[in-house]
Amino acid sequence: MVTRRTLDLNRIRELLQRRRREILSANEGAHRELTALKNQERDPEYEENAQSELADYTLSSLMESQRREIMLIDAALRRMDMGVFGECVDCGFEIPIERLEALPFAIRCEEDASIHELETRGGPMASPSL
């Protein structure tokens, strides 16, 4: 018998797979642009060089961000394959589907995620993140 949660998790799997394909496609485009930028003749003008370096930095940052998101997607897909996707790593309870839809990489329920963030930021006296 297929439950509503199973259907929801399958839909999230499809969304993650689609997002992964989109990122890989965008990454290929960014890589081509970065390669073209590096291969173009450099203008001795300082402003042109600065613009080129800024574009290079921006594309590199974008590619790094995409790489990190791919890692999160792959980890979520592995958890799905292992049958543990949607379970909080701290308390073991199911993470609400609404949280998984908003944050498909979530490994903690909202309560445990808040506790974890406080602990990693220095305890209850630390400033909360925005």
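Residues numbered from 1 in each chain as written. Predicted model: local features only at pLDDT ≥ 70, side-chain atom pairs only at ≥ 80, totals over all residues. Heavy atoms only, no water.

## Things to note about the layout of surface pockets
This is how the line gets drawn: Think of a 1 Å grid over the protein atoms and nothing else: a 1.4 Å probe that fits but is trapped marks a cavity, an open set flanked by protein within 12 Å on at least five of seven lines marks a pocket, and residues with an atom within 4 Å of a point count as lining. Grid points are joined across faces, edges and corners, and a volume is the space filled by probe spheres set on the points. Ten residue types, Ala, Val, Leu, Ile, Met, Phe, Trp, Tyr, Cys and Pro, are classed as nonpolar, four, Asp, Glu, Lys and Arg, as charged, and the remainder, Gly among them, as polar.
By volume, the largest pocket amounts to about 170 Å³. In this structure, the largest pocket is lined by Arg 5, Thr 6, Leu 9, Asn 10, Arg 13, Met 80, Gly 83, Val 84, Phe 85, Gly 86, Glu 87 and Glu 94. Considering only residue class, the lining of the largest pocket consists of four nonpolar, four polar and four charged.

## Regarding the pattern of salt bridges
As a reminder of what qualifies: Definition used for salt bridges: Asp or Glu carboxyl oxygen within 4 Å of a side-chain nitrogen of Lys or Arg. Only runs of H or I of at least four residues qualify as helices and only runs of E of at least two qualify as strands under DSSP, and these elements are numbered from the N terminus. Residue burial is assigned from relative accessible area. The probe radius is 1.4 Å, only protein chains are included, and a residue is buried under 20% of its type maximum, exposed over 50%, and partly exposed in between.
Here the structure, examined in full by the defined rule, presents 12 salt bridges. Glu 94 is paired through a salt bridge with Arg 5; the nearest N and O atoms lie 3.4 Å apart. Of this pair, Glu 94 sits in the loop between α2 (46–82) and α3 (97–102) while Arg 5 sits in helix α1 (residues 4–39), and the two are 89 residues apart along the sequence. With relative accessibility at 54%, the residue Glu 94 sits in the exposed group. Its relative accessible area of 17% is what places Arg 5 among the buried residues. Between Arg 67 and Glu 64 there is a salt bridge whose closest N-O contact spans 2.5 Å. On the criterion of helical spacing, the pair formed by Arg 67 and Glu 64 is a turn pair, its members being three residues apart in helix α2. Among the residues examined, Arg 67 registers a relative accessible area of 41% and is labelled partly exposed. The exposure class assigned to Glu 64 is partly exposed, which follows from its relative accessible area of 30%.

## Focus on the environment of Ile 12
Rules: Contacts are assigned to residue pairs that have any heavy atoms within 4.5 Å of one another.
Note that Ile 12 resides in helix α1. Distance in space between the C-alpha atoms of Ile 12 and Ala 102 is 10.0 Å, their sequence separation being 90 residues. Sequence-distant contacts of Ile 12, that is, excluding residues within four places in its chain, are made with Met 80, Phe 85, Ile 97, Leu 100, Glu 101 and Pro 104.

## What to know about the nonpolar core
Put simply, the test is: By nonpolar core is meant a set of buried Ala, Val, Leu, Ile, Met, Phe, Trp, Tyr and Cys residues that side-chain atoms within 4.5 Å join together.
Ranked by size, the top nonpolar core spans 16 residues in total, and within it Leu 9, Ile 12, Leu 16, Met 80, Phe 85 and Leu 100 carry the most contacts. Secondary structure elements with two or more residues in this core: α1, α2 and α3. Residue contributions to this core peak at five residues, all from α2. Other than its neighbours up to four places away in sequence, Leu 16 contacts Ile 73, Ala 76, Leu 77, Met 80, Pro 104 and Phe 105.

## Quick word on the confidence of the model for the protein chain
Rule in force here: Confidence scores here are pLDDT values: one per residue, from the predictor, ranging 0 to 100.
In the predicted model, the protein chain carries a mean pLDDT of 84, and 82% of its residues have values of at least 70. Within the protein chain, the element-level pLDDT minimum falls on α2, averaging 83, and the maximum on α3, averaging 94.

## Notes on the side chain of Arg 108
Test applied: What qualifies as a polar contact is a pair of N or O atoms within 3.5 Å, subject to a donor-acceptor requirement within protein and to the restriction that residues adjacent in sequence count only when both atoms come from side chains.
Inspection of the secondary structure assignment puts Arg 108 in the loop between α3 and α4 (110–120). Within the structure, Arg 108 has its side chain in polar contact with the side chain of Asp 90 (distance 2.8 Å). Leaving out residues up to four positions away in the same chain, Arg 108 has contacts with Cys 88, Val 89, Asp 90, Ile 95, Arg 99, Ala 113 and His 116.

## Section: the side chain of Gln 66
Within the secondary structure, Gln 66 sits in helix α2. You can call Gln 66 buried: its relative accessible area is 10%. Not counting chain neighbours up to four residues away, the residues in contact with Gln 66 comprise Ile 23, Ala 26 and Asn 27.

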